[in-house]
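# Chains, contacts and geometry: an overview
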Amino acid sequence: MSKARKNIYDVLRGSFLTDESSFKNWRILIFVVLLLLIMIYSSHSADAKVVEIAELNKKKRELRAEDVDTSTQLMRMKLESSIRDKVKSKGLYPAKKPPQKIKVTYNKE
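Overview of the structure. Nothing here was measured: the structure is a model prediction, and the numbers come from that model. (Residues numbered from 1 in each chain as written. Predicted model: local features only at pLDDT ≥ 70, side-chain atom pairs only at ≥ 80, totals over all residues. Heavy atoms only, no water.)

## Considerations on the overall build of the protein
Counting its regular elements, the protein contains three helices and zero strands. Its C-alpha atoms give the protein a radius of gyration of 41 Å, more than 25% over the compact-globule value 13 Å for 109 residues. Seen through its C-alpha atoms, the protein measures out along the principal axes to roughly 120 × 50 × 20 Å. A burial count over the protein gives 3% of its 109 residues as buried. Accessible surface computed for the protein: about 11200 Å², of which carbon and sulfur atoms make up 62%. Within the protein, the 13 negative side-chain charges are centred at a point lying 7 Å from the centre of the 23 positive side-chain charges. (Helix = DSSP H or I, 4+ residues; strand = E, 2+ residues; numbered from the N terminus. Rg over C-alpha atoms; globule rule 2.2 N^0.38 Å. Buried < 20%, exposed > 50% of the residue type's maximum accessible area, 1.4 Å probe, protein only. Areas by Shrake-Rupley, 256 points an atom, 1.4 Å probe, with all protein chains shown as cover. Lys, Arg positive; Asp, Glu negative; His and termini not counted. Charge placed at Lys NZ, Arg CZ, Asp CG, Glu CD.)

## Notes on the pattern of salt bridges
Going through the model one piece at a time under the given rule, you end up with one salt bridge. Between Glu-80 and Arg-84 there is a salt bridge whose closest N-O contact spans 2.6 Å. Within this pair, Glu-80 and its partner Arg-84 are both found in helix α3 (residues 80-88), separated by four residues, close to a single helical turn. (Salt bridge = Lys/Arg side-chain N within 4 Å of Asp/Glu carboxyl O.)

## Focus: a negative patch on the surface
A cluster of acidic residues, Glu-62, Glu-66, Asp-67 and Asp-69, forms a negative patch at the surface. Following the sequence through the fold, Asp-67 ends up in helix α2 (residues 22-78). (Patch = residues over 30% accessible without salt bridge, like charges linked within 9 Å, V, L, I, M, F, W, Y side chains within 5 Å.)

## Here's the deal with a positive patch on the surface
Residues Lys-58, Lys-60, Arg-61 and Arg-64 make up a contiguous surface patch of positive charge. Turning to its location among the elements, Arg-61 is positioned in helix α2.

## Re the environment of Lys-96
Within the secondary structure, Lys-96 sits in the segment after α3. You can call Lys-96 exposed: its relative accessible area is 87%. On a C-alpha basis, the gap between Lys-96 and Phe-23 in space is 103 Å, while along the polypeptide they are 73 residues apart.

## Describing the packing of α2 against α3
Contact geometry of α2 with α3 gives a least axis separation of 5 Å together with a crossing angle of 65 degrees. Across the interface between the two elements, Arg-76, Met-77 and Lys-78 from α2 touch Glu-80, Ser-82, Ile-83 and Lys-86 from α3. By residue class, the composition of the contact of α2 with α3 is two nonpolar, one polar and four charged. (Axes fitted to C-alpha atoms, helices over the stretch in contact; angles between N-to-C directions. Contact = heavy atoms within 4.5 Å. Nonpolar A, V, L, I, M, F, W, Y, C, P; charged D, E, K, R; others polar.)

## Quick look at the side chain of Ser-82
Examined against the element boundaries, Ser-82 turns out to sit in helix α3. Owing to a relative accessible area of 17%, Ser-82 belongs among the buried residues under this scheme. Excluding residues that lie within four positions of it along the chain, Ser-82 makes contacts with Arg-76 and Met-77.

## Describing a nonpolar patch on the surface
A contiguous nonpolar surface patch, about 640 Å² in accessible area, is contributed by Trp-26, Leu-29, Ile-30, Val-33, Leu-34, Leu-37 and Ile-40. For Val-33, the location among the structural elements is in helix α2. Judged by its relative accessible area of 45%, Val-33 is partly exposed.

Written as structure tokens, this is what we have:
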């Protein structure tokens, strides 16, 4: 059996973890596994934040559309013609003669 083939079999069997210098290998493997776990956690955290941002943007668009719709309704309610229609049922009509300014003057004596 050639040396390269023997090394491949040793790696596949995991003998690099059980020989006399395995403590160094275990430390490196644990370090790499911890780094991988941190990377996976940060990736999931970033994905969750992206989903939350998308949901908040959708909610913001809905609220902005509701605001525009409400302001449009308010503008229509403020129109003189709509106010006339609403108060007509109560017997109120616009004045035929425009209002006059009353100017009060008094002398300081």
